Amino acid sequence: MATSARKLKAVTKSRSNGNGRDFDVHDLGLAEAGRKRIEWADKQMPVLRRLRERFAKEQPLKGQRMGACLHITCETANLLRTLKAGGAEVIACASNPLSTQDDVAAALVDQYGIPTFAIHGEDRDTYYSHLRAVLERRPTITMDDGADLVSLLHTEFANQADDVKASMEETTTGVIRLRAMAKDGALKIPVVAVNDAQTKHLFDNRYGTGQSTLDGIIRATGVLIAGSVVVVAGYGYCGRGIASRARGLGADVVVTEVDPIRALEAAMDGFRVMKMIDAAKVGDIFITATGDKHVLTSAHFTQMKDGAFLSNSGHFDIEIDVAYLNDAAKKVDRDVTRNIDAYHLSNGRIVYLLGEGRLVNLACAEGHPAQVMDMSFATQAMASEWAAKSHQMAVKVHEVPLEIEQEIAAVKLAAMSIKIDTLTAEQRKYLASWESGT
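This structure is a prediction, so every number in the text was calculated from the model and none was measured.

### As for the overall build of the protein
Moving on, step 1. Tallying secondary structure elements over the protein gives 17 helices and 17 strands in all.
Moving on, step 2. Computed over the C-alpha atoms, the radius of gyration of the protein is 22 Å, within 12% of the 22 Å expected from 2.2 N^0.38 for a compact globule of 438 residues.
Moving on, step 3. Considering only C-alpha atoms, the protein reaches an extent of 75 × 65 × 45 Å along its principal axes.
Moving on, step 4. Within the protein, contacts between residues separated by at least 24 positions form 70% of all contacts whose residues are at least 6 apart in sequence.

### With respect to the side chain of S228
Moving on, step 1. By secondary structure assignment, the location of S228 is in the loop between α8 (198-221) and β9 (229-233).
Moving on, step 2. Each residue touching S228, except ones within four places of it in the same chain, is listed here: A251, D252, D284 and I285.

### Some points on the nonpolar core
Moving on, step 1. Of all hydrophobic cores here, the largest spans 53 residues; its most connected members are I72, L79, L80, L83, L108, M143 and M168.
Moving on, step 2. For this core, the leading source of residues is helix α15 (residues 370-389), giving 10 residues.
Moving on, step 3. Among residues more than four places away in sequence, those in contact with I72 are A92, C93, A94, S99, T100, Q101, V104, A105, L108 and A118.

### What about the packing of aromatic side chains?
Moving on, step 1. Per the stated rule, a full pass over the model turns up five aromatic pairs.
Moving on, step 2. The interplanar angle of 85° and the centroid separation of 5.2 Å between the aromatic rings of Y127 and Y128 together place this pair among those described as edge-to-face. Of the two residues, Y127 and Y128, neither departs from the other in class, the shared state being buried.
Moving on, step 3. Positioned above the aromatic ring of Y237, the side-chain terminus of R240 is 4.6 Å from the ring centre.

### With respect to the pairing of strand β16 (residues 350-354)
Moving on, step 1. Counting buried residues in β16 gives four out of five residues, a clear majority hidden from the surface.
Moving on, step 2. Across three bridges, strand β13 (residues 308-312) lies against β16 in parallel orientation. Looking across to β16, one finds that L310 is bridged to L353.
Moving on, step 3. With five bridges connecting them, strand β15 (residues 340-344) and β16 associate as antiparallel partners. Residue pairing in the sheet places I340 in a bridge with L354 of β16.
Moving on, step 4. Linking two consecutive strands that pair antiparallel, namely β15 and β16, is a turn of five residues; a positive phi of about 90° is found at G348 within it.

### Considering the sheet that holds β15
Moving on, step 1. Strand order in the open sheet formed by eight strands is β11-β10-β9-β12-β13-β16-β15-β14, with mixed pairing between adjacent strands. Pairing within the sheet leaves two strands with one partner each, and these edge strands are β11 (272-273) and β14 (331-337).
Moving on, step 2. In this structure, strand β10 (residues 252-256) lies alongside β11, joined through two bridges in parallel fashion. The residue of β11 that forms the bridge with V254 is R272.

### A short note on unusual backbone geometry
Most peptide bonds take the trans form, and the phi angle of most residues other than glycine is negative.
Moving on, step 1. Despite not being glycine, Q59 has its phi angle at roughly 55°, a positive value.
Moving on, step 2. Tracing the backbone through its elements, the reader meets Q59 in the loop between α2 (46-58) and β3 (65-70).
Moving on, step 3. Despite not being glycine, R138 has its phi angle at roughly 55°, a positive value.

### Thoughts on the environment of G307
Moving on, step 1. Counting through the fold element by element, G307 comes out in the loop between α12 (298-301) and β13.
Moving on, step 2. Spatially, the C-alpha atom of G307 lies 21 Å from that of N361, the residues being 54 residues apart in sequence.

### Topic: helix α5 (residues 124-135)
Moving on, step 1. The first and last C-alpha atoms of α5 sit 17 Å apart over 12 residues, in line with the 16 Å expected at 1.5 Å per residue.
Moving on, step 2. Listed in full, the buried residues belonging to α5 are T126, Y127, Y128, H130, L131, A133, V134 and L135.

### So, helix α9 (residues 237-248)
Moving on, step 1. The first and last C-alpha atoms of α9 sit 17 Å apart over 12 residues, in line with the 16 Å expected at 1.5 Å per residue.
Moving on, step 2. Considered for burial, the residues of α9 that qualify are C238, G239, R240, G241, I242, A243 and A246.
Moving on, step 3. Looking at the packing, one finds that the buried side of α9 touches α8, β9, β10, α10 (260-268) and β12 (285-288).
Moving on, step 4. Backbone geometry just downstream of α9 places G250 in the positive-phi region, at approximately 100°.

### Details of the side chain of E169
Moving on, step 1. Residue position: E169 is located in strand β7 (residues 166-169).
Moving on, step 2. One buried charged residue, E169, remains without a salt bridge, the closest side chain of opposite sign being R177 at 7.2 Å.
Moving on, step 3. E169 has contacts with D144, D145, G146, A147, G174, V175, L178, V191, V192, A193, V194 and N195, leaving out every residue within four places of it along the chain.

### What about the packing of helix α1 (residues 31-43) against helix α4 (residues 102-110)?
Moving on, step 1. Direction vectors running N to C along α1 and α4 enclose 95°, while the axes themselves pass 7 Å from each other. Put simply, α1 runs roughly perpendicular to α4. For the pair α1 and α4, contact is made by A31, A33, G34, R35, R37 and I38 and by D103, V104, A106, A107 and D110, respectively.

### Some thoughts on the pattern of salt bridges
Moving on, step 1. Applying the stated criterion to the full structure yields 26 salt bridges.
Moving on, step 2. A salt bridge links D252 to R272, with the nearest nitrogen and oxygen atoms 2.7 Å apart. Taken together, the positions of D252 in strand β10 and R272 in strand β11 put the pair 20 residues apart, joining distant regions of the chain.
Moving on, step 3. A network of salt bridges, in which partner residues are shared, links R37, D103, D215, R219 and E366.

Definitions and cut-offs
Residues numbered from 1 in each chain as written. Predicted model: local features only at pLDDT ≥ 70, side-chain atom pairs only at ≥ 80, totals over all residues. Heavy atoms only, no water. Helix = DSSP H or I, 4+ residues; strand = E, 2+ residues; numbered from the N terminus. Rg over C-alpha atoms; globule rule 2.2 N^0.38 Å. Contact = heavy atoms within 4.5 Å. Core = buried A, V, L, I, M, F, W, Y, C linked by side-chain atoms within 4.5 Å. Buried < 20%, exposed > 50% of the residue type's maximum accessible area, 1.4 Å probe, protein only. Phe/Tyr/Trp six-rings, centres within 6.5 Å; stacked < 30°, edge-to-face > 60°. Lys NZ or Arg CZ within 6 Å of the ring centre and 35° of its normal. Pairing = 2+ DSSP bridges. Expected span 1.5 Å × (residues − 1). Lys, Arg positive; Asp, Glu negative; His and termini not counted. Salt bridge = Lys/Arg side-chain N within 4 Å of Asp/Glu carboxyl O. Axes fitted to C-alpha atoms, helices over the stretch in contact; angles between N-to-C directions. Parallel < 35°, antiparallel > 145°, perpendicular 65-115°, else oblique.

Shape descriptors only; they carry no functional weight alone.
See the structure below:
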């Protein structure tokens, strides 16, 4: 993770209890504003709210100490409240330096009694000190968004691995890292790939990322999407959602891919598909959503139009080669407007980088709508309950059980006043048999 280009300007407020800090947030005076936003989001999260009511009665997480490394937003706050209601001791930190909402972090500490270590704009050293603060509490279950907490658990805190029953991973980037660890035999704890649940990637990644990415770009730039050439790098679920929403706003959408099947799908969905080196010449707005590094590099920057916008929707700030821009630019104007840096290239053109190349939906806006996170976080909570009740899970990457997903989807449908059919006994028998044919 690259160090943030900005210095943290505000004085942070923390408190020590002798064994370490109880919390580290920007300003506890923001707590009341944070509480209001958390409660507003809660009204739009009926699945998680129902689950919290059950958890409060049944206490399925009693005795668990849960360390959560997540984006500290008002939606996340409602997940953490649910875990606490279920009997868990909860400690939280940020999973990205620019995704923390300072008023929410303050409210978690002051209003809900959840030790939180998160400050918007924190530098790399502070970020990792916050990860360590969570692991020093010796969690028995962890939650991650990008696998930074689990990575630190496997290095500096490897002696605690045997104490961890399981970890929940929320994002594509994190699951990729964890599957690589499992393949290499380096994984020491059971992990649940919450990101791969249908109630997560089919909805959160596609509809949530699609809307919030465009929201972040529009908030930062004020640019008219209609008539713009929007280049989307990657056609996974996130890329599909971004491309769909950009087209819905009137953009001419170009997709770049390395996977021939996904490239073919994008073409059949009606998008132009080409190599990035060719897309670089025509794009007005570039959005990376691949989970890989150096998707936009020096070869592309030099081909771009004067005034092109560069943004990243992936978890880590590696998809755009920001280091090259910082080294090669003749001049860099920081914050030409909020969350935008202007890079003056040697060819006389300027490209604009949004949110330091970090995930644009949280760096420049407020992330996914609460209605989408309702399902993702309910999946997180129920997967944690499943892990807590399991006697001993195998050390590997686990899928979320189908019955959990079906329950969450059924509750969401009910909240939307949607009713569906059920199979008759005759239909169930037919689907389970092989004797009946034409």
